[in-house]
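Structure assessment
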Amino acid sequence: MSDIIRRDPRAEWIARNRLHPLHAAMQPAQHSWMGPNGVIRKNLHGIGFIGPNGLKRIDRSGAQQGGAVKRSATVEVQLPLHQVPAPAFYISVVPDMVGGRLSSHDRDLLGLAHQLAGQEGAVLAVVFGEHKENAFATAGVDRLLVLEGEAFSGYAPEQRMQGLRAVDNQFNPRHWLLPDSRSGGGELGRRFAAALGERPATRVWQVKDQECIGRAGAGLQDLARPVARLILAAAECAEPVSETRHEALPVELSTSVARSLSRIEDLGAVAVDPAAIPMAEAEFIFSGGNGVKDWQLFHETAAALGATEGASRVAVDDGFMARDRQVGASGTWVTARVYVAVGISGAIQHLQGIGACDKVVAINLDPGCDMIKRADLSVIGESAEILQALIEAVSAYRNESKRDAA
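Residues numbered from 1 in each chain as written. Predicted model: local features only at pLDDT ≥ 70, side-chain atom pairs only at ≥ 80, totals over all residues. Heavy atoms only, no water.

Looking at an unreviewed UniProt entry, one finds the protein chain named Protein FixB and attributed to Pseudomonas fluorescens.

The structure is reproduced here in structure tokens:
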């Protein structure tokens, strides 16, 4: 694994984009060039490095000239910091935070918020309960308000509305943005609009020229209206923030949120068979390809992990999995939080289908395949041995948890 050179697609894109503010910093230093008479010229001042005593040392290891010393191709990119010391107004965003992390829909929403905020406004993210997200700054959050407490956990739309009313009274945002999704944002946004007595703009996919453009007529028509104060935006409503990092300064409410007498009782999550979850809605997908030789072991591993099963086109064509389990451009486009690819080399159609997945784990024998290059975590080895070890690790973890609970 240590010998594999990992590419940084973002750094490569910045190096190609001349308009990017970090373009010049990403260009390699030119140490030699051909003069007008065909003679190779060398920049002697660019060779070597400054030693600990301030003296210039000549690099004889060959690292600067791409010699025997191996280097990682990953370049650490420091994005410019966007600061709003005294915001003229706020744009409030209430992300879904499925699983305690920002989803791709949430990041699109933050991108739309920055379009509305411009240079004078600040994006205020309102998060309920505990979260696991540590990338609010790179997602575009200028101010972060976390409403913690048992009252906000689980399904508590009435209590969350009380919290949003308190935020509205203190910060008086110019716009409220919520995801028009089935993960809670759509319902909460409509409840909040009814509480405020305002008509929200729903299923918005674009904000342009002071108009909200939303889907209507079963998604076959566009409905344009002036920009509303409360916007329920669809996925891909804007490009996510990628050019800047933000402060994500924590803020608090000046008053406590009153506990509402909820008319809704949350009985907790209902156990669902992972095989019954549609591929497009699955959060955890365990996918197999041509490299899987023991399919019974594959099914046992998926059951032990509680994951939804998927497959590559080759595995489906060979009859190992049903057609509705196929992942890719010719199958189902998935947006899982975690996607595990077992024995999948990574054809372009398959990579297109998992483009929106947050974390990709690859198990493969070939360290140079495209799936390994795409993966956030790679395991090189025989799939049967790795799956067996994974089942044993999961069983040991659950047995230990039961002992601790007892």
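Considering the sheet that holds strand β11 (residues 211-216)
Strands sit in the order β12-β11-β10-β13-β9-β6-β7-β8-β15 across an open sheet of nine strands; the sheet is mixed. At either margin of the open sheet sits one strand with a lone partner, and together these are β12 (221-226) and β15 (249-250). Bridge count between strand β6 (residues 90-93) and strand β9 (residues 175-179): three bridges; the pairing is parallel. Paired with isoleucine 91 across the strands is histidine 175, a residue of β9. (Pairing = 2+ DSSP bridges. Helix = DSSP H or I, 4+ residues; strand = E, 2+ residues; numbered from the N terminus.)

Here's the deal with helix α6 (residues 295-305)
Those residues of α6 that fall on the buried side of the exposure criterion are Trp295, Leu297, Phe298, Thr301, Ala302 and Ala304. Sitting at the amino-terminal end of α6 is aspartate 294, which places a side-chain oxygen 3.3 Å from the backbone nitrogen of glutamine 296. Positive phi appears at glycine 306, one or two residues downstream of α6, with a value of about 70 degrees. (Buried < 20%, exposed > 50% of the residue type's maximum accessible area, 1.4 Å probe, protein only. Polar contact = N/O pair within 3.5 Å; in protein donor to acceptor, adjacent residues only side chain to side chain.)

As for the pairing of β9
Among the five residues in β9, five count as buried, and that is most of the element. Because side chains alternate across β9, one face comprises the buried residues His175, Leu177 and Pro179, and the other comprises Trp176 and Leu178, equally buried. Note that β9 and strand β13 (residues 230-233) share four bridges and pair parallel. Counted as the bridge partner of leucine 177 is isoleucine 231 from β13.

A look at the nonpolar core
Grouped together as the largest cluster of nonpolar side chains are 28 residues, with contacts concentrated most on Val93, Leu110, Leu112, Phe136, Val141 and Leu177. It is helix α2 (residues 104-117) that contributes the most residues to this core, five residues altogether. Not counting residues within four places of it along the chain, the set of residues in contact with phenylalanine 136 comprises Met97, Leu102, Val127, His131, Val141, Leu144 and Ala248. Of all hydrophobic cores here, the second largest spans 23 residues; its members include Ala122, Met161, Leu188 and Phe192. (Core = buried A, V, L, I, M, F, W, Y, C linked by side-chain atoms within 4.5 Å. Contact = heavy atoms within 4.5 Å.)

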